[in-house]
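Coordinate analysis (summary)
Single-letter residue listing:
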Amino acid sequence: MNPQTPSFQTVLDSLLAAGKEFPRRYLPYFSDIGPLELKTLLEVWSRVAPDRKLSLLKGLDSLAETDTLVNYDDFARAILDDPDANVRTHALRLLDECEDLKLVPAYMGLLKNDPDANVRAEAANALNLFVDLGELEEIPEEAYGEIQSALLESARGEKEAKVRRRALESLGWSSNPEVVELIESAFDGNIDWKVSALTAMGRSADDRWEDRVLRSMLEDNDKVRKAAVQSAGMLGFKSARLPLLRMLESEENDEVVMAAIWSLSQIGGEDVQTYIETLLDQTEDDDMIEFLEEALDNLAFTEDLDRFELMSFDPDDLEDLDEVDEDEEEE
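For the structure given in this document, a descriptive report is provided here. The written sequence of each chain sets the order in which its residues are numbered from 1. Given that the model is predicted, a residue must reach a pLDDT of at least 70 before its local features are reported, and side-chain atom pairs must reach 80 or more before they are shown or counted; all residues, however, enter totals for whole chains, interfaces and linings. The basis for every side-chain value is the complete set of heavy atoms in the structure, and neither hydrogens nor water enter the calculation.

Comments concerning the overall build of the protein chain
Secondary structure counts use DSSP, requiring at least four H or I residues in a row for a helix and at least two E residues in a row for a strand, with both numbered from the N terminus. Summing up its helical and strand segments, the protein chain has 19 helices and 0 strands in all. When the backbone C-alpha atoms are referred to their principal axes, the protein chain occupies close to 85 × 50 × 45 Å. Per-residue burial over the protein chain gives 44% buried out of 331 residues. Residue contacts are defined here by distance: any two heavy atoms, one from each residue, within 4.5 Å place the two residues in contact. Across the protein chain, every contact between residues at least 6 apart in sequence was considered, and the portion connecting residues at least 24 apart equals 64%. Per element, the accessible surface of the protein chain, about 18,800 Å² overall, is 47% carbon and sulfur. The centroid of the 32 positive side-chain charges in the protein chain is displaced by 14 Å from the centroid of its 79 negative side-chain charges. Remark: exposure states derive from per-residue accessible area (1.4 Å probe, protein chains only) relative to the maximum for the residue type, with buried under 20%, exposed over 50%, and partly exposed in between. We get accessible surface area from the Shrake-Rupley algorithm with a probe of 1.4 Å; when it comes to residues, only the shown protein chains can shield them. Residues counted as positive are Lys and Arg, residues counted as negative are Asp and Glu, and His and the chain ends are not counted. Every charge is mapped onto a representative atom, which is NZ of Lys, CZ of Arg, CG of Asp or CD of Glu.

Encoded structure:
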C-alpha cells in the first residue's frame, strides 16, 4: 500500500469523529468493501452519530450518480435493518441497480412491515427493477408473481398515498391488465397521482397512453410536464418529436428542458441531432456539455437501433411472400 494512502482504520476514525460532512476523499473505501473491513465497520456503526451516518450515505449516493465504477451493494445490504429510518431509506437507494433476487424478501418485508412510510415507499420503488426483470422473464415466474402481488396489495390498500404511488410506478413495467385500471384511476387524481400515472405509463411499452402523454406535455404544472416528457421518450412516441423541439424554444424550467433533450435522444429522427449539436455549440457550462454529449451518444444508439429494426425481418414474412408468388403463378 502507498504510505500516503490512508488505512481503513483512519477512515473509521474519521467517521466516528464529530463534523458536519464526512470527507469525500474517503467515500471510495466503501465501494466493493471486503468482508473484514465490513465486519470492522459494522462493529463501530452503532457508535456513529446519526448526522454523520447521513452525511456518509448522502455522499455515497452522490458519488454513485457520477461514478459508474463504484459499488456499495455489500455495505447497503448490511444496514437495511438499521434502527434509523433515514439510514434504511438511503440503503435502499444505494441498492437501486442491484439485480440480486436475494434482496427481494427484504424489500417486501420493508414494504409490508416497516413503521416508516418513507422506507415503505422506497422499498416499493426498489422493487420496480424486479418487475422489469419479471416481464423480461429473467427471474423465476413464482418470484415475479409474489412481487406483483405485494405491489398490487400496497397500491390498493396502503394507508399512505406516497407508498401507493411508488407501488403503482413500479407496477408500470407489468403487463398485468389490473395495472391499466390503476393507472387510469391515478391519472384522474391530483398532481402527484398524475405524475405517478405518467411515470407508470412511460414504463408500460403501451401505445394506448399516447394521447394522455402528449396532452400532459402541455400542462401548466412543471412536475406533470416533466413526467409526460420523460414518458414520451421512454415510449418512443414519434408524434412527440415536434412538440418536444418546440418545447425547447419556449420552456423555462431547466429540468423539463433537460428531460426534453433526453427524450428526443430516445425518439430520434429528423433535426434532433442538429438541434442538440447547436445547443452544445452554444453552451459553456461543463455539466451541460457533458449531458449534451451523453444525449448525442444515446441518440446514436437510438438511430442504430432503428436501422437494425428496419433491416431485421421475420422468416414468416418470407413464407407469406412465397405463398403470394404461388397464388400469382396459379392465376
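After presenting the structure, the write-up continues.
Description of the packing of helix α15 (residues 241-250) against helix α17 (residues 272-282)
Running from amino to carboxyl end, α15 crosses α17 at an angle of 15°, the nearest separation of the two axes being 12 Å. It follows that α15 is roughly parallel to α17 by the angle criterion. Remark: the crossing between α15 and α17 carries left-handed chirality. Where α15 approaches α17, its residues R241, L245, L248 and E249 are matched on the opposing element by V272, Y275 and L279. In terms of residue class, the contact of α15 with α17 is built from 5 nonpolar, no polar and 2 charged. Only the contacting stretch of a helix is used when fitting its axis, a line to C-alpha atoms as for every element, and angles between N-to-C directions run 0 to 180 degrees. Here roughly perpendicular refers to angles of 65 to 115 degrees, roughly parallel to angles under 35, roughly antiparallel to angles over 145, and oblique to all remaining angles. Each crossing gets its hand from how the near helix is turned against the far one by less than a right angle, where anticlockwise is left-handed and clockwise is right-handed. Three classes are used, and their members are as follows: Ala, Val, Leu, Ile, Met, Phe, Trp, Tyr, Cys and Pro are nonpolar, Asp, Glu, Lys and Arg are charged, and the others, Gly among them, are polar.

A look at the environment of R215
For R215, the location among the structural elements is in helix α13 (residues 210-216). Separated by 72 residues in the primary sequence, R215 and A143 place their C-alpha atoms 37 Å from one another.

Quick word on the packing of aromatic side chains
Each aromatic ring pair is specified by the distance between its two centres and by the angle formed by the two planes. We call Phe, Tyr and Trp rings a pair once their centres come within 6.5 Å, taking the six-membered ring for Trp, and we label the pair stacked below 30 degrees between planes, edge-to-face above 60, and tilted otherwise. For the coordinates displayed, the defined rule picks out 8 aromatic pairs. Where F22 meets F30, the ring centres are 5.9 Å apart and the plane angle is 75°; that geometry is what we call edge-to-face. Through a chain of ring-to-ring contacts, the aromatic side chains of F8, F22, Y26, Y29, F30, W45 and F75 assemble into a single cluster. Two limits define a charge over a ring: the Lys NZ or Arg CZ must be within 6 Å of the ring centre, and within 35 degrees of the ring normal. Here the basic side chain of K194 rests over the ring of F187, its NZ or CZ set 4.7 Å away from the ring centre. Lying over the aromatic face of F187, R212 brings its terminal NZ or CZ to 5.9 Å of the ring centre.

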